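# Residue-level structural notes
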Amino acid sequence: MKTIQLKDALSNNKITENLLAILPEATPSQKGLQSANGLIIHGNKSFEDINADNILNGVFRYQFPNDYQNRNLPFPYGCLFTAISSVVGFQLCSSMDNRFAIRTKWNGWSKWKEIKGADTI
């Protein structure tokens, strides 16, 4: 398994590339987040029933400027990456203004924590 330092991934602006390197590949016998065509993309979501606690594995872009907190999202506009089994996993979210937040699921979702300290290049 490849290990990456989150600070290095953020400072090099290679988050997607680094995540793809460690994700399981989808095969006919095993479903994974990554296929030969890349991550499962759920598209741009702005409909009423979205809640981050119930999002499927993959990536989707969202926009909820008025009620993002009621939907358990850390930012009003963002891109949410979810990797979860039936009981454990994590979510990584980026905002339009280059902010990042992460949370984990282990017997329930943790609170969002903003990731700070990545230098720009």
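Residues numbered from 1 in each chain as written. Predicted model: local features only at pLDDT ≥ 70, side-chain atom pairs only at ≥ 80, totals over all residues. Heavy atoms only, no water.

## Brief notes about the nonpolar core
- Ile50, Ala52, Ile55, Phe60, Tyr62, Phe64, Tyr68, Leu73, Phe75, Leu80, Cys93 and Ala101 form the largest nonpolar core, which has 12 residues in total.
- Beyond its immediate stretch of four places on either side in the chain, Tyr68 contacts Leu73, Pro74, Phe75 and Pro76.
- Membership of the second largest hydrophobic core comes to 5 residues, among which are Phe81, Ala83, Leu92 and Ile115. (Core = buried A, V, L, I, M, F, W, Y, C linked by side-chain atoms within 4.5 Å. Buried < 20%, exposed > 50% of the residue type's maximum accessible area, 1.4 Å probe, protein only. Contact = heavy atoms within 4.5 Å.)

## A look at the side chain of Lys105
- Along the chain, the position of Lys105 falls in strand E7 (residues 100-106).
- With no salt bridge to any partner, buried Lys105 finds its closest opposite charge in Asp53, at an N-O distance of 8.1 Å.
- Ignoring sequence-local partners within four residues, the contact set of Lys105 consists of Ile84, Ser86, Val87, Val88 and Gly89. (Helix = DSSP H or I, 4+ residues; strand = E, 2+ residues; numbered from the N terminus. Lys, Arg positive; Asp, Glu negative; His and termini not counted. Salt bridge = Lys/Arg side-chain N within 4 Å of Asp/Glu carboxyl O.)

## What about the pattern of salt bridges?
- Tallying each qualifying case throughout the model produces 3 salt bridges.
- Ionic pairing is found between Arg103 and Asp53, a salt bridge with its closest N-O pair at 2.8 Å. Taken as a pair, Arg103 in strand E7 and Asp53 in the loop between strand E3 (41-45) and strand E4 (58-63) lie far apart in primary sequence, 50 residues in all.
- Among the ionic pairs, Asp67 bridges to Arg71, the shortest N-O distance being 3.2 Å.

## Quick word on the environment of Ala52
- Counting through the fold element by element, Ala52 comes out in the loop between E3 and E4.
- By relative accessible area, which is 0% here, Ala52 ends up buried.
- Apart from the residues lying within four places of it in its own chain, the contact partners of Ala52 are Arg71, Asn72, Leu73, Leu80, Gln91, Arg103 and Trp109.

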